[in-house]
Structures are given as structure tokens and as C-alpha cells.
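Below, each chain spelled out in residue letters.
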Amino acid sequence: MDRIRINGGRQLKGEIRISGAKNAALPLMVAAMLSDKPLVLKNVPRLADISTMIQLLQQHGVEVSAAPGENGHSRGTTLTLKTAKITSTTAPYDIVRKMRASVLVLGPLLAREGRAKVSLPGGCAIGARPVDLHIAGLKAMGAEIDIDGGYMEARAPKGLKGARFTFPKVSVGATENLMMAASLAKGTTVLDNAAREPEITDLAECLMAMGVPISGVGTETLTIEGVESFREATHSVVPDRIEAGTYAMAVAMMAGDVELLGGRLELIESVAGVLRSAGVTFEPTERGFRVHRTNGALHGVDVMTEPYPGFPTDLQAQMMALMTRAEGASMITETIFESRFMHVPELARMGANVTIHHESALVRGVPKLRGAEVMATDLRASVSLAIAGLAAEGQTTLHRVYHLDRGFERLEEKLAACGADIERLKG
Ligand code: EPZ
């Protein structure tokens, strides 16, 4: 298994190109199942999760072809997806267990074929992550869903009908599933308390390009008019706000100065606000935005994760790594997932001072971190350890890099190009 070795202490200077967002690309790819017309997706990142999604879609009958982006692979991949016919309505356990986003095929399969059998994803390292909201929403649209043998068995013999559904809790995945199902349902669907993440807006824009009338995009109430057929469409995946926020924190860690090409500052306003209070500067540029921290100390700031436009849970671990070196204390509260502090014991092995009390972690800044052998149990936790490694004295070896490869494209190349002493050790 690959490892990543980092020798800490280098400042980051230069530029980093931000890739397309994994969490936008995955539902966009699934949207191709709704239509028998081609969907062309540009700026798709090259990541393990994208390969897993291709595998899942192919076994449902989607034809997928990939080509380098307009300026070669540094600008992502262009995927062309076409679903002339659904050849299987079953999403098997073997794929769903690898990637929870597989559950997004439930709505489109049900809407197009009137039936679907999708494995329950089960819990994962960051929490229980139930799918009850996906099920409740589809039932409101007329589906019958039973759980049997670890699978959701869904039927809509008369097709799905537009409905009004209020999410009792904000869910990104359930909002996406229902938006796709509603696109092919009879009549109008209104989703209240819908997620407002930029990835939702990206999906809405793609569905609109495919011919689905949607209003309320970017608000908590989405109104979707079901259609009977779709148009051929081309859509470019939104730049990854989580990757941009992660690199902003990596730059801040060692008082560096980097331009994030293609990064969209307006998508990480809550993050930039917190980082500005900590002593980091952001400036929009023609090509993206610049992040730097040239003078003064990093200050401890408090953070609470919330649905968008609040501070994203997918940047909580990275923020904690940054705060381990701040002056003073920082209270980091995780409200989205119940066990998303798996990085804490690993950061502690590098000398961090963190105390967990229920959903909050009190981080007391330390003057230095020390390199160590570390491993993480999920994607964002892994990258937080890499950020800590950039500041640590001596060598850090990050194990289980496959977590990182699920969501960060060429991390070591991007950081090394800005002066970090980082390399991948194969095998
Ligand atoms: C998406 O997961 C992202 N994944 C996650 O990113 C991200 O952390 C999360 O949204 C929150 O922003 C993808 O987009 C592929 P949710 P999702 O449904 O859709 C509870 C990463 O590292 N809930 O918004 O699964 C749930 O348990 C990943 O890239 C229910 O109770 O998240 C959680 O507490 C990790 N019932 C909360 O809602 C449901 O039916 C929010 O989850 C669904 C969710």
C-alpha cells in the first residue's frame, strides 16, 4: 500500500490548480442515468471514487467514455455518459460498501424503471449515516420501499408522482436523490429545507441544461417540474471548495503565499471568515484567489460545522490541524457527524494538545509538532495529518493513502510544486 512521506518545515509558495469537486461530480454522473441522451461532463477530477462510480454506472448499463480535458489532464477529465437502456436495477453491496454515494442511484432507477434494489450502505468511520430521509422522500412520491436482506427494495409500478416534501434535517445526498427522482416524476415536486451546498446548485444547473425546469436554486425550497424526456447536455463540474479550503489551510500552516487557480472564494466565505480571524489573508485574483499569511501569529478561533453556507464538516479535520499550531485555544464543534474526530489521536501522536468533550474538541496551540508515523480512517482526516506533517519537525509518514486518493487529486504533486518536501512511496 502506498504511503506519503513529508519532511516538515517548508513554506508553500506558488500556485495550485483546484480540481473539479468530487462531491459534485458523483451526483452529476448519476444524473446521466435519467436520460437516454448523452451527458458530457467536463472538469471531472481523477479520483478513486470517480472510478468506483464509473464501475457502478457501467453495471447498470451506462456507457462511459473518458478523454483528457481541454488542456490535458491538469484540467480534469471529460466524461461522456449515455444510458440507452438500464440493464440492471440492482446496486450491489460490493460497490455500495466502498462508496456511500452509490445510494444516489436509488431515485433515478426508481424514476426511470419503476423499481430498484440498492444495498444499504451501513455505517462508516465518521458516523452511522442512515438513509431514512432518502427513503421517506421517495415514499412521499409514491414509492413502496421494503428493507430485505440488507437491501432497499423499491417499487413504483405507476411511476413516481410529484409531491411536497419537507426534510426534517438537511441532507445533501437525500436532496440530490429526490431532485433526480423528481426530474422524471409526473408533475411538480417541492422540496423544503433542502440542502443548499454548491454541489446541489451544480446538480440543479446540470438538470436544467438537460431540460428540467427548476426554481429556487441556491435556496432551501426547490421546485422541480418533472419531464418525460431530456436533452443532450454538457456541463462543467464546479471547482472543489473543500480542496480549495484544504490548500488554504495548508498555506496558512507555514505562513506561505499561494494562488489557488480556479478556486472560488465565494463558495468558502464562512471558511475565509474564520481563517481571516485567525490571521490569514485572502484576495480574489483574475484566475482564482490568493491566500497568504506572511506576518504575525496564527490565532486560535472557534468553529462549528453546519450545513452550507456554514463551516463545512469536510474541512473540520484540516481546521483542527491548523489550530494545533495557533496561539491560544480553539473550540471546534462537529454538529453534522457523530464520530468525526478520528484524527485527534493521530494528531496527538504528533504532539497536538486536543481534548474531546462530546461533540466539541478543545485545541490548545503548541509551539511545535513532531513528525510521526500516522494513519487515518477517512479522507478528510488523512489530509489533516498531511497538513500537520507540513509543519512538524522531522519526518511524517502517512499510511493508508487510499483514503486520500478517494478525494484529493495528485495532492503530493500539487504541494511539492509549491515547495513542500513531500513524496509518495509506492507499494
Ligand atoms: C455528503 O454526504 C458528502 N458526500 C460528505 O462528504 C459531506 O460530509 C456531507 O454531505 C455533509 O456535507 C458526498 O457528497 C458524496 P448528508 P451525505 O446526507 O450526503 C444525516 C467527504 O469526505 N442523515 O448531508 O451522506 C447524516 O447521518 C464526504 O467527501 C440522516 O440522518 O451527507 C448526517 O448526520 C464525507 N438520514 C447528516 O444527516 C439520511 O437519510 C448530513 O448527512 C441522510 C442523512
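Everything discussed here concerns the structure shown above.
Let me begin by describing the structure that accompanies this report. These numbers were taken from a predicted model, which means no experiment stands behind them.

What counts and how
For every chain, the first residue of the written sequence is number 1, and numbering continues from 1 onward in sequence order. Two thresholds apply to this predicted model, a pLDDT of at least 70 for residue-level local features and 80 or more for giving and counting side-chain atom pairs, whereas whole-chain, interface and lining totals are computed over all residues. Hydrogens are left out, water is left out, and the side-chain values use all remaining heavy atoms of the structure. Here the term buried applies to any residue with accessible area under 20% of the maximum for its type, exposed to any over 50%, and partly exposed to those in between, with areas from a 1.4 Å probe on protein chains only. For helices the rule is a DSSP run of H or I covering at least 4 residues; for strands it is a run of E covering at least 2, with both sets numbered from the N terminus onward. Summarising the geometry, the arc corresponds to the directions from the helix axis toward the C-beta atoms. Contact criterion: two residues are considered in contact whenever any of their non-hydrogen atoms come within 4.5 Å of each other. Whether two strands pair depends on DSSP finding at least two bridges between them. Definition of nearness: a residue and a molecule or strand are near each other if at least one heavy atom of the residue lies within 4 Å of the molecule or strand. N or O atoms closer than or at 3.5 Å make up a polar contact, with two conditions inside protein: a donor-capable atom paired with an acceptor-capable one, and, for residues adjacent in sequence, both atoms drawn from side chains. Residue exposure ignores everything except the shown protein chains as possible cover, and the areas themselves are Shrake-Rupley values with a 1.4 Å probe.

1. Details of helix α9 (residues 269-278)
- Buried residues of α9: Val271, Ala272, Val274, Leu275 and Ala278, and no others. Along α9, the residues classed as buried sweep out an arc of 165° about the axis, all on the same side.
- Packing partners of the buried residues in α9 comprise α8 (241-253), β16 (281-285), β18 (303-304) and α10 (316-323).
- Positive backbone phi, approximately 110°, marks Gly279, located one or two places after α9.

2. So, the sheet that holds strand β21 (residues 360-364)
- With respect to topology, 4 strands assemble into an open sheet ordered β18-β19-β21-β20, the strand pairing being mixed. In this open sheet, the two edge strands, each paired with only one partner strand, are β18 and β20 (353-357).
- The pairing of β18 with strand β19 (residues 329-333) spans 2 bridges and is parallel. Bridging across to β19, Met304 finds its partner in Thr333.

3. Observations regarding the side chain of Thr396
- Inspection of the secondary structure assignment puts Thr396 in strand β23 (residues 395-399).
- Residue Thr396 is classed as buried on the basis of its relative accessible area of 1%.
- In this view, Thr396 contacts Ile4, Arg5, Ile6, Met350, Gly371, Ala372, Val374 and Gly389; residues no more than four positions away in its chain are not counted.

4. So, unusual backbone geometry
- A cis amide bond links Tyr308 to the next residue, Pro309, at an omega of 10°.
- Checked against the element boundaries, Pro309 lands in the loop between β18 and α10.
- Despite not being glycine, His358 shows a phi value in the positive range, around 55°.
- Counting through the fold element by element, His358 comes out in the loop between β20 and β21.

5. A closer look at the pairing of β21
- Note that β19 and β21 share 5 bridges and pair antiparallel. Note that in β21 the partner of Met331 across the bridge is Leu362.
- Sheet topology places β20 next to β21; 5 bridges connect them, and they run antiparallel. Pairing of Val354 across the sheet is with Val363, part of β21.
- What sits between β20 and β21 in their antiparallel hairpin is a turn of 2 residues, with His358 showing a positive phi close to 55°.

6. Some words on the site of the ligand
- Close to the ligand lie 22 residues, the nearest being Asp132, Ser171, Asp314, Ile336 and Arg380.
- Here a nitrogen atom of the ligand sits 2.7 Å away from a polar atom, N or O, in the side chain of Asp132.
- Separating an oxygen atom of the ligand from a side-chain N or O atom of Asp314 is a distance of 2.6 Å.
- Burial of the ligand by the protein chains amounts to 87% of its free accessible area of 830 Å².
- Among the secondary structure elements, those contributing two or more residues to the shell around the ligand are α1 (22-31), α5 (132-140), α6 (172-183) and α12 (379-391).

7. Regarding the side chain of Thr189
- Summarising the element assignment, Thr189 is placed in strand β11 (residues 188-192).
- Residue classification places Thr189 among the buried positions, given a relative accessible area of 1%.
- Only 3.5 Å separates the side chain of Thr189 from the backbone nitrogen of Ala163, close enough to count as a polar contact.
- When residues no more than four places from it in sequence are discounted, the contact partners of Thr189 are Met141, Gly162, Ala163, Ala182, Leu222, Thr223 and Ile224.

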